[in-house]
Amino acid sequence: MEERELVKRAKQDIQAFDELYRIYYPKINNFVFHRTYDEDVRNEIVSNVFYKAMKNLYRFKFLDSHRCSFSAWLYRIAVSEVNQYYRDRKRDFKLVMKKKNDKPDDPTVYPYEFKYVKQCLSYLKPFEQNLIALKYFEKKSYRELSEIFGKKENALKVKTHRSLKKLKNILEQEKDHGQDQRYA
Amino acid sequence: MDKIKDMLSTLKIPLIDDKYQFNALRSRLLQAFFSRQRVYVLRYRWAVSMAALLFLILAATFMVPNFASSVNTLVFGDHNKEQPIIAENVQKSKGILMPVDQGEMANSSNRLIDDDKTYLIRQYNSPRAGKVMVVSEYNKQMQNNKIRKVSAGCY
């Protein structure tokens, strides 16, 4: 069944919503997994995303399906929930990061491990983190990203370029820091 | 820059497949959906029953004109009988007209009341309104057999 028809039916029919849930749960779950560190937090955020989607599905309209697909709408909720989580627990998060940074993974080993990249990614701004996570971890195209963030593709390309530049600097700094620690 | 792009593109990204959480959340969502639906059904029924009740009241008001008055009497009691019929006309004429055994008149009955003006009370028989009492000022010189009406009431 076409997604549009499925979403239309899901507004009243739980079976149709269940179908959407089956399709999108793994995607949203993985995105949140790539953006968070704790399993409980991930479960909480994913739950919130689907609860909100179910609650507000009647508001979702395919007025302009090129601008916002259902998938993008769902990712938008997920991004908003992740941001909200980090805003609410800003202080706790810093403490967690400090604890994690006490024993960093060996950054000199190439190719880098995902865990290490994720750790370095946390030094970027939340928007930049979401952008890189969606672009490189979830393999979203710029068109999909423009739907999710509600920005123009070109603007997102520039933002991605800058974010990558920042990430590169952070990776290099961490690498040097790791080498220094090894030789000390 | 290309190096980091390649690195991120070739990065081995772990994927998670949490069946337990998937099923747990699924059942919670189902429960939430049905509880929400039950609330909507209750709200719908409440709204429909209220609309039906209001419609009945509206229809009864048109079909039985005394219905509203009867309901009012039933709910708040019958106060109309205690009120004198001429009260409205007294207010209109800005005069003070009350039974002599009530209000200030009862207290001031011993006092000497000065004669101020003379009024005439005429009774007419009207086929519509029944008996109509017309209060008019008394003038010695009646012009063209016309009288100035001050107040009127019917019973």
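**Student:** Any chance you could break down the overall build of chain A for me, citing the residues and the numbers?
**Tutor:** Check the secondary structure of chain A and you find nine helices and zero strands. Written out in order from the N terminus, the α and β elements of chain A read α-α-α-α-α-α-α-α-α. A fraction of 64% describes how many contacts in chain A between residues 6 or more apart in sequence connect residues 24 or more apart.

**Student:** If you had to explain the nonpolar core to someone new, which residues and values would you point to?
**Tutor:** Residue and element names in this part refer to chain A. Counting 42 residues, the largest nonpolar core has I28, V32, V49, F50, L74, Y75 and A78 as its most contacted members. The element best represented in this core is helix 4 (residues 70-88), accounting for nine residues. A domain-level breakdown of this core finds at least three residues from each of domain 1 (1-95) and domain 2 (104-184). When neighbours within four sequence positions are excluded, V32 is seen to be in contact with R42, I45, V46, A78 and V82.

**Student:** Break down the interface of chain A and chain B for me, citing the residues and quoting the values.
**Tutor:** Contact residues are listed per partner, giving 23 residues for chain A and 23 residues for chain B. Listing elements by their share of the side of chain A that touches chain B, those giving two or more residues are helix 2 (14-35), helix 3 (39-56), helix 6 (114-121), helix 7 (126-137) and helix 9 (153-183) of chain A. No other element matches the seven residues that helix 2 of chain A contributes to the side of chain A that touches chain B. Of the residues that constitute the side of chain A that touches chain B, the class distribution is 17 nonpolar, four polar and two charged.

**Student:** So what's going on with unusual backbone geometry? Which residues, and what values?
**Tutor:** Residues and elements named next belong to chain A. A positive phi angle is found at K139, which is not glycine, with a value near 55°. When you line up the elements, K139 lands in the loop between helix 7 and helix 8 (142-149). A count of 10 C-beta atoms within 10 Å places K139 in the exposed class.

**Student:** Summarise the packing of helix 1 (residues 3-10) of chain A against helix 2 of chain A; cite the residues concerned and give the values.
**Tutor:** Residue and element names in this part refer to chain A. Between helix 1 and helix 2, whose axes approach to 7 Å, the crossing angle comes to 130°. As judged from the angle between their axes, helix 1 and helix 2 are oblique. Crossing of helix 1 against helix 2: the hand is left-handed. Here L6, V7, R9 and A10 of helix 1 come into contact with helix 2, specifically with A16, F17, E19 and L20. Of the residues that constitute the contact of helix 1 with helix 2, the class distribution is six nonpolar, no polar and two charged.

About the thresholds
- Residues numbered from 1 in each chain as written.
- Chains lettered and ligands numbered in written order.
- Predicted model: local features only at pLDDT ≥ 70, side-chain atom pairs only at ≥ 80, totals over all residues.
- Helix = DSSP H or I, 4+ residues; strand = E, 2+ residues; numbered from the N terminus.
- Contact = placed C-beta atoms within 7 Å.
- Core = buried A, V, L, I, M, F, W, Y, C linked by C-beta atoms within 7 Å.
- Buried ≥ 20, exposed ≤ 12 C-beta atoms within 10 Å, placed from the backbone.
- Domains from an automatic or database assignment.
- Nonpolar A, V, L, I, M, F, W, Y, C, P; charged D, E, K, R; others polar.
- Axes fitted to C-alpha atoms, helices over the stretch in contact; angles between N-to-C directions.
- Parallel < 35°, antiparallel > 145°, perpendicular 65-115°, else oblique.
- Left-handed = near helix turned anticlockwise from the far one by under 90°.

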